Amino acid sequence: MFRLILHISFALLFFQNGICQVRVIKPVKTQPRKTNLSFGTGVMRSFVFLSRNVQDNNDATGFSGSVVYGGEKIFRGCLEFTTYKKLNIEPTWYNIKAYTIELNGHALARFKNTKAYFYPLFGLSFNSFSGYFTGKNDFLHLTGKYQPNQVARTNWVGVNVGSGYEQYFKRVSIFGEYKMRIGRSSKQLTIMDVCFSAGVRYTLRVPSIYKLFSGTRNRYLLESKDTED
């Protein structure tokens, strides 16, 4: 009996000593010192307000400017403003003015053999639509909301989903995007707008947000290579 207790004691002591010597070393999380800041301009073709713009071949042309930040890792953000040329939806709407402000996130998928990105995009948009409302052919029954023969304005918030492709030539890149904007119309969610855009961007290397807020605690920031040069 004494020998059995002695063997059990030695086994427990050996097991405890082995556990105490095990150390789990976690990898150090590193963050980039620099990232990309891009300024872009482009042209957009959009239906502006799909439920109202029911005529064929009546999409509007818009001109956009954008600022894109990030991209050293997977995600980047894009702030974009688009204003559209005047549009008529005869005989109901005339002299339509519209603009869009949107904030989107891009999830970047990189290609191995070329400097290019494919990215799903998602975000929010603020959309403004105003025009001279005649009340004629009012199949949406908007006369209950707007007085005929007056300028009427509609603002709405949309959820953006879509995809894009961007090809780099050193610091200059060209891009194309497809987007749908989902919003509330007649008390139900629907596709409010479908648009295509294309344009160019110029990219600079700037300090990352980790570098700006790290202060003196920057020993885990990576000095990444300037891939745009």
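About the criteria used
Residues numbered from 1 in each chain as written. Predicted model: local features only at pLDDT ≥ 70, side-chain atom pairs only at ≥ 80, totals over all residues. Heavy atoms only, no water. Helix = DSSP H or I, 4+ residues; strand = E, 2+ residues; numbered from the N terminus. Buried < 20%, exposed > 50% of the residue type's maximum accessible area, 1.4 Å probe, protein only. Contact = heavy atoms within 4.5 Å. Salt bridge = Lys/Arg side-chain N within 4 Å of Asp/Glu carboxyl O. Pairing = 2+ DSSP bridges. Core = buried A, V, L, I, M, F, W, Y, C linked by side-chain atoms within 4.5 Å.

Caption draft 1: Molecular detail of the overall build of the protein chain. Looking only at helices and strands, the protein chain features two helices and twelve strands. Listing each helix as α and each strand as β along the protein chain from the N terminus yields α-β-β-β-β-β-β-β-β-β-β-β-α-β. Looking at the protein chain as a whole, 38% of its 229 residues qualify as buried. If you take every contact in the protein chain between residues at least 6 apart in sequence, the share linking residues at least 24 apart comes to 63%.

Caption draft 2: The pattern of salt bridges, seen in detail. Within the structure shown, the criterion is met by ten salt bridges. The shortest N-O distance in the salt bridge between Arg 76 and Glu 166 comes to 2.6 Å. In this pair, Arg 76 is assigned in strand β4 (residues 75–84) and Glu 166 in strand β9 (residues 150–169), connecting sequence segments 90 residues apart. Residues Arg 76 and Glu 166 agree in their burial class; the two are buried. Linking Glu 177 and Lys 179 is a salt bridge whose minimum nitrogen-to-oxygen distance equals 3.8 Å. You can call Glu 177 buried: its relative accessible area is 5%. Residue Lys 179 is classed as buried on the basis of its relative accessible area of 1%. Here the salt bridges do not stand alone but share partners, grouping Arg 76, Glu 80, Glu 102, Glu 166, Glu 177, Lys 179, Arg 181, Asp 193 and Arg 201 into one network.

Caption draft 3: Molecular detail of the pairing of strand β8 (residues 116–133). One ladder, built from twelve bridges, connects strand β6 (residues 93–107) with β8; its direction is antiparallel. For Thr 100, the partnering residue across the bridge sits in β8 and is Asn 127. In the sheet, strand β7 (residues 109–110) pairs with β8 via two bridges, with the strands oriented antiparallel. Residue pairing in the sheet places Arg 110 in a bridge with Tyr 117 of β8. In this antiparallel pair of consecutive strands, β7 and β8, the connection spans five residues.

Caption draft 4: Molecular detail of the nonpolar core. Residues Val 48, Tyr 84, Trp 93, Ile 96, Phe 129, Phe 133 and Tyr 146 are the most contacted members of the largest nonpolar core, which totals 18 residues. Within the residue set of this core, elements represented by two or more residues are β5 (87–89), β6, β8, β9 and β11 (188–207). For this core, the leading source of residues is β6, giving three residues. Not counting chain neighbours up to four residues away, the residues in contact with Val 48 comprise Ala 60, Tyr 84, Ala 98, Phe 129, Trp 156, Met 192 and Asp 193. Residues Tyr 117, Tyr 119, Tyr 168 and Phe 175 belong to the second largest nonpolar core, which totals six residues.

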